[in-house]
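Report on the structure
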Amino acid sequence: MKRSVLTRYRVMAYVTAVMLLILCACMVAKYGFDTGADLTFAVSQAHGVLFMIYLVFAFDLGSKARWPFGKLLWVLVSGTIPLVAFFVERKVRAEVEPLLVDAPVTAKA
């Protein structure tokens, strides 16, 4: 498996997790303090699009790493629970890095 598959997943895992935390803060502002409805709408839309991209990249990584369905489902769902995606990404990286095929290193003469 190429390193770029893992890199794409890692980037989207972090982006999705950060956007989910921002969305949670916006929801608290909207429903707790009755302010920021427009910002909450914009952030929720952005998070939705980014989450769909995350799902595609996570599924791609899972299919190339040949994960069982339960593990793949857990990784896909982890993007919906605040803070969990950070921990799952770290565990996934540790498990997938040994499977990576690095490009051959060419020596310059």
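Figured I'd write up the structure that's included with this text. From a predicted model like this one, the values you see are computed outputs, not experimental measurements.

**Quick word on the packing of aromatic side chains**
- Tallied over the full model, the rule gives three aromatic pairs.
- In this structure an aromatic cluster arises from ring pairing among Y9, F51 and Y54.

**Observations regarding the packing of helix α2 (residues 37-65) against helix α3 (residues 69-77)**
- Running from N to C, α2 and α3 point in directions that differ by 155 degrees, and their axes come no closer than 9 Å. By the criterion of interaxial angle, the relationship of α2 to α3 is roughly antiparallel. Crossing hand, α2 versus α3: right-handed. Touching F51, Y54, L55, A58, F59 and G62 of α2 are L72, V75 and L76, all from α3.
- Residues that form the contact of α2 with α3 fall into these classes: eight nonpolar, one polar and no charged.

**Points about the side chain of E89**
- Assignment of secondary structure puts E89 in helix α4 (residues 84-96).
- Classification of E89 as buried rests on a relative accessible area of 1%.
- Beyond its immediate sequence surroundings of up to four residues, E89 is in contact with Y9, R10, A13 and Y14.

**Focus on the packing of α3 against α4**
- In the contact formed by α3 and α4, the axes pass within 9 Å of each other and the chain directions differ by 135 degrees. It follows from the interaxial angle that α3 and α4 lie oblique. Counted together, K71, W74 and V75 of α3 and V84, V88, V92 and E95 of α4 form the full contact between these two elements.
- For the contact of α3 with α4, the per-class residue count stands at five nonpolar, no polar and two charged.

**Some thoughts on α3**
- For α3, every residue scored as buried is listed here: L72, V75 and L76. Looking straight down α3, one finds that the buried residues subtend no more than 100 degrees of arc, so they occupy a single side.
- Buried residues belonging to α3 abut α1 (3-33), α2 and α4.

**Topic: the nonpolar core**
- Judged by nonpolar contacts, the single largest core of 20 residues is most densely connected at Y9, Y54, L61, W67, V75, V92 and V96.
- For this core, the secondary-structure elements that each account for two or more residues are α1, α2, α3 and α4.
- Look past the residues within four positions of V96 in its chain and what remains in contact with it is M1, L6, L61 and W67.
- Core analysis: the next-biggest nonpolar cluster, separate from the first, contains five residues, L20, L23, C26 and V43 among them.

**Observations concerning the pattern of salt bridges**
- Under the defined criterion, the tally for this structure stands at five salt bridges.
- Two residues, K64 and D60, come together in a salt bridge whose shortest N-O distance is 3.3 Å. With K64 and D60 both in helix α2 and four residues apart, this pair spans about one turn of that helix.
- For K64, a relative accessible area of 43% corresponds to the partly exposed category.
- When its relative accessible area of 18% is taken as the criterion, D60 is described as buried.

So, how was this worked out
Residues numbered from 1 in each chain as written. Predicted model: local features only at pLDDT ≥ 70, side-chain atom pairs only at ≥ 80, totals over all residues. Heavy atoms only, no water. Phe/Tyr/Trp six-rings, centres within 6.5 Å; stacked < 30°, edge-to-face > 60°. Axes fitted to C-alpha atoms, helices over the stretch in contact; angles between N-to-C directions. Helix = DSSP H or I, 4+ residues; strand = E, 2+ residues; numbered from the N terminus. Parallel < 35°, antiparallel > 145°, perpendicular 65-115°, else oblique. Left-handed = near helix turned anticlockwise from the far one by under 90°. Contact = heavy atoms within 4.5 Å. Nonpolar A, V, L, I, M, F, W, Y, C, P; charged D, E, K, R; others polar. Buried < 20%, exposed > 50% of the residue type's maximum accessible area, 1.4 Å probe, protein only. Arc of directions from axis to C-beta. Core = buried A, V, L, I, M, F, W, Y, C linked by side-chain atoms within 4.5 Å. Salt bridge = Lys/Arg side-chain N within 4 Å of Asp/Glu carboxyl O.

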